[in-house]
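Structural description and commentary
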Amino acid sequence: MKRLWLVLCASAALFFCKSAMATDYVYISFNGDTSAASGIQGDTIGLGANLTGSWVWWEGWIDLDGSGDISLGDKFFQIGLQVDQDSLGNQGMPDINPAVGFVTSPGFVTGSPAPYTYILKAIDGGDLTSATDTSRLNPLPSPGALLSGTVSFVPPGPSLENVELIASGNTFQGWGDFSDIAGDYTIGLPSFTLGDSANVGSDEGIFGYVTPQEIIVIVADTVTGIDFVYRRAAATVSGSVKDSNNVDLFNGVEVVAQPLGRDGFLVNGFYFLNFDTTEIGNWNFEVRGLPPNCQAPPPVNLNIGIGDSLTFNITVSCGPLGVEEGNSEYRTPNIEMKLFQNDPNPFHGITTIRYQIPATSHVSLNIYDLTGRLIRTLIDDRKEEGVYVLSWNGRNNIGQRVPSGIYFYRFQSSDFSATQKMVFLR
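These notes cover the structure that comes with them. (Residues numbered from 1 in each chain as written. Predicted model: local features only at pLDDT ≥ 70, side-chain atom pairs only at ≥ 80, totals over all residues. Heavy atoms only, no water.)

Val241, Tyr271 and Phe285 are the most contacted members of the largest nonpolar core, which has 27 residues in total. When residues of this core are traced back to their parent elements, those giving at least two are strand E4 (55-62), strand E5 (75-83), strand E19 (235-239), strand E21 (254-258), strand E23 (271-275), strand E24 (281-288), strand E26 (300-304) and strand E28 (314-318). When sequence neighbours within four positions are dropped, the list of residues in contact with phenylalanine 285 reads Val237, Val255, Val256, Ala257, Leu273, Phe275, Pro299, Val300, Leu302, Ile304 and Phe312. (Core = buried A, V, L, I, M, F, W, Y, C linked by side-chain atoms within 4.5 Å. Buried < 20%, exposed > 50% of the residue type's maximum accessible area, 1.4 Å probe, protein only. Helix = DSSP H or I, 4+ residues; strand = E, 2+ residues; numbered from the N terminus. Contact = heavy atoms within 4.5 Å.)

In structure tokens, the structure reads:
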């Protein structure tokens, strides 16, 4: 399931995890209330944890089997990295807590599927200790709008139950539901969304089937017939991502196939990507979203043909905990101030943006939608002379995936500014 940390916040109120571990305290608040036992769709959520290192890795799970623990019957949703005191979210989820040893997320409105029990896990980047606990999200009591449809598979095979459908628009992000045993789903939305244009679709990958395209609808009291058909993939690539000691990397590490940014997430040691008949050919595979102490290997080109079911296992170099090996910048002499076109463009999944500066300067690079609304700040910091490469995964400042469309990115320094246009395809 391709969702970042914010979806986790569909979970719960304040809860504590006490043990002998270094990371032994995790909390989630609803509408600023850290004593609430549960929440409802539409509440504002915040979360945090203590840690001994400089970063924490978050995992989110939906307790579908009702065991109360993380198990094979549960559904994983990707959350990822949060770096202590990184308030701008340059690496993963922003941290708004200025204290060392604690991380806290910004608050945001949740519309994640309900009623479900969510399990939150925080892994300490200092010593790999972790803490987990559970809580529940309840549905919106009186939805002002209903979006509904069915999910099917051609040919039949996978279960129709628990496929996630998500709706996002200009006034709301990430409201969803899971399909039932017959493949039916209904997304309830608050009344303020009426008249908004909504992108409805599934972020969820099903092995061997191509995820259908999003459908755009106008939100009304009742919108039916928003149906999605998963069709058999023409080819698949799957495998593992391990470190040099043959240990699985964290759940949620991303494997990306370029040039279109097709992506899959590592879950329980396994990732996969599906390709349709129009996508047969050469793809460059690379690893993204690694913890700070790990460095991705160079991209590897695979020639994918119809009917292929390829196994591609990836080994990542990881240093001692607390040491950042990855570097997204390099130095070069005699350069001019310049902002480059993102690559790829249009893109699905992840694109990279390169800029260069001839001298030390405070720089910022922000992404805006067509209305001029700020979507994401990729950098706002002082940088030395050099060429820098940033990446954007189509998500906003609180981790929500944005709708397909045209976006602008603007680079600024003390004496220079430039803007470029890009197209995001979900």
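Having seen the model, we can carry on.
Turning our eyes to something else, we now look at the environment of threonine 44. Structurally, the position occupied by threonine 44 is in strand E3 (residues 44-50). Overall, threonine 44 belongs to the partly exposed group, its relative accessible area being 30%. Considering only alpha carbons, one finds threonine 44 and phenylalanine 30, 14 residues apart in sequence, at a separation of 5.7 Å. Those residues in contact with threonine 44 that sit more than four places away from it in its chain are Ser29, Phe30, Asn31, Gly32, Gly107, Phe108 and Val109.

Across the sheet, 4 strands lie side by side as E33-E32-E35-E36; this open sheet has antiparallel pairing. Pairing within the sheet leaves two strands with one partner each, and these edge strands are strand E33 (374-383) and strand E36 (416-424). The average angle at which neighbouring strand axes cross in this sheet is 15 degrees, direction not considered. The pairing of strand E32 (residues 361-368) with E33 spans 8 bridges and is antiparallel. For tyrosine 368, the partnering residue across the bridge sits in E33 and is leucine 374. (Pairing = 2+ DSSP bridges. Axes fitted to C-alpha atoms, helices over the stretch in contact; angles between N-to-C directions.)

Take the sheet that holds strand E16 (residues 215-218) next. With antiparallel pairing, 4 strands are arranged side by side in an open sheet as E12-E11-E14-E16. Both edges of this open sheet fall to strand E12 (175-178) and E16, since each of them pairs with a single strand only. Neighbour-to-neighbour, the strand axes of this sheet turn through a mean angle of 25 degrees, independent of strand direction. Two elements, strand E11 (residues 164-169) and E12, share 4 bridges in a ladder whose sense is antiparallel. From the neighbouring strand, glutamate 164 faces E12, where its bridge partner is phenylalanine 178.

Moving on to the layout of surface pockets. Each pocket or cavity is described by its volume, and for the second largest pocket that value is around 1100 Å³. Among the residues forming the lining of the second largest pocket, the class breakdown is 20 nonpolar, 13 polar and 13 charged. (1 Å grid on protein atoms, 1.4 Å probe; cavity = no way out; pocket = protein on both sides within 12 Å on 5 of 7 lines; lining within 4 Å. Points joined across faces, edges and corners; volume = space filled by probe spheres on them. Nonpolar A, V, L, I, M, F, W, Y, C, P; charged D, E, K, R; others polar.)

So, about unusual backbone geometry. Omega for the bond connecting valine 154 with proline 155 falls within 30 degrees of zero, at -5 degrees, which places this linkage in the cis form. When you line up the elements, proline 155 lands in the loop between strand E10 (145-154) and E11. The residue after glutamine 258, namely proline 259, is reached through a cis peptide bond having omega 25 degrees. One non-glycine residue, glutamine 85, lies in positive phi territory at about 70 degrees. Mapped onto the fold, glutamine 85 is located in the loop between E5 and strand E6 (102-104). Of note, the phi angle at asparagine 246 is positive, near 65 degrees, even though the residue is not glycine. With respect to the helices and strands, asparagine 246 occurs in the loop between strand E20 (241-243) and E21.

So, to be careful, I would describe these as geometric facts and stop short of saying anything about function.
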